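Summary of structural features
What follows is each chain in one-letter form.
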Amino acid sequence: MVRQRVLSGVQPTGNYHLGNYLGAIRNWVAGQSQYDNFLFVADLHAITVPHDPKRLAADTYSLVGLYLACGLDLKDSTIFVQSHVSAHSELTWLLNCITPLNWLEDMIQFREKAIKQGENVNTGLLDYPVLMASDILLYKPDKVPVGEDQKQHLELTRDIANRFNHQFAHPKQPVLKLPEPLIIAEGARVMSLADGTRKMSKSDPSDLSRINLLDPPEQIEYKIKRCKTDPIRGLVFDDPERPECNNLLTLYMLLAGKTKTAVAAECQDMGWGQFKPLLTEVTIAALKPIQDKYQAVMDDQGYLESVLRSGRQKAEAIANDTLNQVKAALGYTVPL
Ligand code: TYM
């Protein structure tokens, strides 16, 4: 039986955190044996905001190391780097020419980042969702597992694919396949440790706002000690007045592998002084195997390179095939 295909990626911008893990990578690993998985490092996306060229390669390798350390298995998953497959950039240009400008101007992430960056906004930031649509559409995946914040980009991807098919393909033979988002509610929106109404983010200037996957135990302990809470005794889920409480209980539930009912019962009479050490303990325990494996994988640069070499070959074959179908539909000549 042919397995359904999954595609997803993370930007190599350092500070990989619990949101990236619980909202995305953990779900890729959990479902990987059911699917044929294509998981990449979105390095072309990483330069849509000001970046440091001295860090890009190291952050890219570090992310590949984390993919492997979190449990991606090469038997089920192809790991590759976006910029190694030039079809991503080429399809972006072609799709740019069918994407209305106002669709991009309406994207929430663009607006938020553009406000943060003031005058320093480049065209790439606006065009980012078309690059993301290309990343996805090239591989014709069935499912795209992401956190909640990427939902709007996936809707746009479907809109672009529909528009392309409508304009350039026969109704019975669409060229581009419409992907389905796969958003697992638990963990889909991990919030900042400093403010339970904002999402945990790689770009938050305060490192205290997030737990990074590579934080040592002392730092995890310190961050949880310092994280924002409230003065109320008794910890409950889903109280809109207590966003930090909901977030920290959710983290505890996911990292301890407990059910919501069990956590609700366990914590209903607790104060923060009792809860925080528990959360610290499960967080350190959940990250330890990842951190140990990460060190081992990163020590073998030759292995990482071989993973990326074979990943590129597999990805390129599929991506180029789709790119050629798109070019044919648009009426391009075949290179002689
Ligand atoms: P990025 O690098 O910002 O985040 C990677 C993944 O982590 C999820 N995520 C979160 N989930 C829960 N809570 C949070 N606080 C949190 N923060 C991040 C994101 O939803 C994402 O799944 N544009 C994408 C990368 C990308 C991509 C793609 C993804 C480029 N092309 C094609 C899927 C398919 C991004 O910037 O993710």
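Overview of the structure. (Residues numbered from 1 in each chain as written. Predicted model: local features only at pLDDT ≥ 70, side-chain atom pairs only at ≥ 80, totals over all residues. Heavy atoms only, no water.)

A short note on the environment of Thr92
Tracing the backbone shows Thr92 in helix α3 (residues 87–96). Note on Thr92: relative accessible area 7%, which makes it buried. Between the alpha carbons of Thr92 and Glu180 there is a distance of 20 Å; along the sequence they are 88 residues apart. (Helix = DSSP H or I, 4+ residues; strand = E, 2+ residues; numbered from the N terminus. Buried < 20%, exposed > 50% of the residue type's maximum accessible area, 1.4 Å probe, protein only.)

A closer look at helix α9 (residues 243–256)
Here α9 is 14 residues long and its end C-alpha atoms lie 20 Å apart, about the 20 Å a rise of 1.5 Å per residue gives. α9 sits mainly inside the fold: 11 of its 14 residues count as buried. Taken residue by residue, α9 has Glu244, Cys245, Asn247, Leu248, Leu249, Thr250, Leu251, Tyr252, Met253, Leu254 and Leu255 as its buried positions. In the stretch just after α9, Gly257 is the one whose phi turns positive, near 70 degrees. (Expected span 1.5 Å × (residues − 1).)

Considerations on the pattern of salt bridges
Enumeration over the complete set of coordinates arrives at 21 salt bridges. The salt bridge involving Glu316 is made with Arg312; its shortest N-O contact spans 2.9 Å. With Glu316 and Arg312 both in helix α12 (residues 301–330) and four residues apart, this pair spans about one turn of that helix. A single network of salt bridges, built from pairs that share partners, joins Asp207, Arg210, Asp215 and Lys223. (Salt bridge = Lys/Arg side-chain N within 4 Å of Asp/Glu carboxyl O.)

Considering the nonpolar core
The nonpolar side chains of soluble globular proteins are, as a tendency, buried together. Within the largest apolar cluster, 52 residues are counted, with the highest numbers of intra-cluster contacts made by Leu18, Tyr67, Leu251 and Phe275. Excluding its chain neighbours within four sequence positions, the residues that come into contact with Leu251 are Leu18, Leu22, Val190, Leu193 and Leu279. One finds Ile98, Ile136, Ala161 and Ala315 within the second-largest nonpolar core, a separate group that totals 39 residues. (Core = buried A, V, L, I, M, F, W, Y, C linked by side-chain atoms within 4.5 Å. Contact = heavy atoms within 4.5 Å.)

Here's the deal with the site of the ligand
Inspection of the region around the ligand gives 29 residues, with Gln11, Tyr128, Asp135, Asp149 and Lys202 positioned closest. Contact between the ligand and Asn20: an oxygen atom at 3.2 Å from a side-chain N or O atom of the residue. One of the backbone N or O atoms of Val190 is found 2.8 Å from a nitrogen atom in the ligand. Protein contact buries 96% of the 710 Å² of open area that the ligand shows by itself. Listing elements by their share of the shell around the ligand, those giving two or more residues are β1 (5–10), α1 (18–31) and α6 (123–137). Of the residues that constitute the shell around the ligand, the class distribution is 13 nonpolar, 11 polar and five charged. (Near = heavy atom within 4 Å. Polar contact = N/O pair within 3.5 Å; in protein donor to acceptor, adjacent residues only side chain to side chain. Areas by Shrake-Rupley, 256 points an atom, 1.4 Å probe, with all protein chains shown as cover. Nonpolar A, V, L, I, M, F, W, Y, C, P; charged D, E, K, R; others polar.)

Quick notes on the side chain of Asp59
With respect to the secondary-structure elements, Asp59 resides in helix α2 (residues 53–69). Ignoring any residue separated from it by four or fewer positions in sequence, one finds Asp59 in contact with Pro12, Thr13, Gly14 and Tyr16.

Focus on α2
Compared with an ideal rise of 1.5 Å per residue, which puts 17 residues at 24 Å, α2 spans 25 Å between its outermost C-alpha atoms and is within 8% of the ideal. Among the residues of α2, those classed as buried are Asp59, Thr60, Ser62, Leu63, Val64, Gly65, Leu66, Tyr67, Leu68 and Ala69. The inward-facing, buried residues of α2 abut β1, α1, β2 (36–41), β3 (77–81), α11 (272–298) and α12. Backbone nitrogen of Lys54 and a side-chain oxygen of the N-cap are separated by 2.9 Å at the start of α2; the cap is Asp52. One or two residues past the end of α2 sits Gly71, with phi positive at roughly 115 degrees.

Regarding unusual backbone geometry
The phi torsion at Asn15 lies on the positive side, around 50 degrees, for a residue other than glycine. Of note, Asn15 is situated in the loop between β1 and α1. Asn15 sits in the partly exposed class, given a relative accessible area of 33%. Even without glycine at this site, Asp238 takes up a positive phi of about 60 degrees. With respect to the element layout, Asp238 can be found in the loop between α8 (217–226) and α9. For Asp238, a relative accessible area of 52% gives the class exposed.

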